[in-house]
Amino acid sequence: MQIKVLADSNAVDKRYSIGWGVSFLAGKEVLFDTGEKGQSLLNNMQQMDALAADIKAVVLSHDHWDHTGGLWALLEQNPQIKVYACPNFSSEFKEKVMSAGAELVEVSRLTQIAEDIYTTGEIAGEYGGGYMAEQSLIIKSQRGLVVLTGCAHPGIIKILEKVKETLGGNIYLVMGGFHLMKTDKRVVALIINKFRQLGVKKVGATHCSGKEAVELFRKEYQDDFISVKAGMVIKIGD
Ligand SMILES: [Zn+2]
Ligand SMILES: [Zn+2]
């Protein structure tokens, strides 16, 4: 299995568009999040030989613009895509997906998306004092589970515990936004401890993880830390 990074605020070189939000392509058919802008997503797809026609499912972590923004340009290229959203996405969002001609799938619990690829289903979370549910993508690999996160508004540890509780097995890699920008570094240290206790082998903290937390994870994980950048291909297993 290969994961292509299609959106991030850093890129491997100037050919790639950068922007806020994340987007990861798992294999050829399953896209997790779409970054903030369609143009950037399509450009990066083109640079990485990822075809819109090959994509069968888009799983959106949560209803924030930096994760859903690229969707519309992609659906224009391929309206056959199934869009997996949490039930709390806005009715405007849901209508827009349907009027683009795509199929909307609302997921509340652990659901299989493709061979070896699952969504956690909605996990309750909070953002700006309001309710914000979020789903994470899980890939089963020979090395263990790969967990991809959007912003981790429910809390990164809560997400990982849910993955352990529902799918079980060891967690090989956790990658995406951990939402620790405003978290005290002593709390971040406890979170990193918990990652070790949970047996997480590799970490790719990016996006809203916050610079300070990213450096703390990097220091702990050393060679097992992945500096996520648009244009990067992450190979999992053979
Ligand atoms: Zn975000
Ligand atoms: Zn968010």
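Just so it is clear, the structure is predicted and the values come from calculations on it, not from any experiment. (Residues numbered from 1 in each chain as written. Chains lettered and ligands numbered in written order. Predicted model: local features only at pLDDT ≥ 70, side-chain atom pairs only at ≥ 80, totals over all residues.)

Caption draft 1: Quick peek at the overall build of the protein chain. Of the regular secondary structure elements, the protein chain holds seven helices and 15 strands. What you see for the protein chain is a C-alpha radius of gyration of 16 Å, in line with the 18 Å of a compact globule of 238 residues. Overall size of the protein chain, expressed as C-alpha extent along the three principal axes, is 45 × 35 × 35 Å. Considering only contacts within the protein chain whose residues lie at least 6 apart along the sequence, 65% involve residues at least 24 apart. (Helix = DSSP H or I, 4+ residues; strand = E, 2+ residues; numbered from the N terminus. Rg over C-alpha atoms; globule rule 2.2 N^0.38 Å. Contact = placed C-beta atoms within 7 Å.)

Caption draft 2: Spatial organisation of helix H7 (residues 211–221). Within H7, the full set of buried residues consists of Ala-213, Val-214 and Phe-217. For H7, the buried positions fall inside an angular range of 105 degrees around the axis, keeping them on one side. Turned more than 90 degrees off the buried face of H7, the exposed positions are Lys-211 and Lys-219. Residues of H7 that are buried in the fold lie against helix H6 (185–197) and strand S14 (202–206). One or two steps after H7, the chain reaches Gln-222, where phi turns positive at roughly 50 degrees. (Buried ≥ 20, exposed ≤ 12 C-beta atoms within 10 Å, placed from the backbone. Arc of directions from axis to C-beta.)

Caption draft 3: Examining the sheet that holds strand S11 (residues 137–141) more closely. Spatially, the six strands line up as an open sheet ordered S7-S8-S11-S12-S13-S14, and their pairing is mixed. Of all the strands in the sheet, the pair left with one neighbour each is strand S7 (111–114) and S14. With direction set aside, neighbouring strand axes in the sheet form an average angle of 20 degrees. Here three bridges tie strand S8 (residues 117–119) to S11, and the two strands are oriented antiparallel to one another. If you follow Ile-117 over to S11, its bridge partner there is Ile-139. (Pairing = 2+ DSSP bridges. Axes fitted to C-alpha atoms, helices over the stretch in contact; angles between N-to-C directions.)

Caption draft 4: Expanded view of the environment of Ala-205. Examined against the element boundaries, Ala-205 turns out to sit in strand S14. Accessibility expressed as a C-beta count within 10 Å gives 30 for Ala-205, which makes it buried. Spatially, the C-alpha atom of Ala-205 lies 5.6 Å from that of Met-175, the residues being 30 residues apart in sequence.

Caption draft 5: Molecular detail of the UniProt feature "domain: Metallo-beta-lactamase" (unreviewed entry) in the protein chain. Residues given the UniProt feature "domain: Metallo-beta-lactamase" (unreviewed entry) here are residues 27–151. End C-alpha to end C-alpha, residues 27–151 measures 22 Å, and it is 24% helix and 29% strand. (UniProt positions renumbered as here; feature names shortened; annotations may be inferred.)

Caption draft 6: Representation of unusual backbone geometry within the structure. Even without being glycine, Asp-49 reaches a positive phi, approximately 55 degrees. Topologically, Asp-49 is positioned in the loop between helix H1 (38–47) and strand S4 (57–59). For Asp-49, a count of 9 C-beta atoms within 10 Å translates into the label exposed. Positive phi is not limited to glycine here, since Gln-222 has a value of about 50 degrees. Accessibility expressed as a C-beta count within 10 Å gives 7 for Gln-222, which makes it exposed.

Caption draft 7: Geometry of the environment of Gly-210. Turning to its location among the elements, Gly-210 is positioned in the loop between S14 and H7. Placed 27 residues apart in sequence, Gly-210 and Thr-183 show a C-alpha to C-alpha distance of 8.7 Å. Setting aside residues up to four positions removed in sequence, Gly-210 forms contacts with Leu-180 and Met-181.

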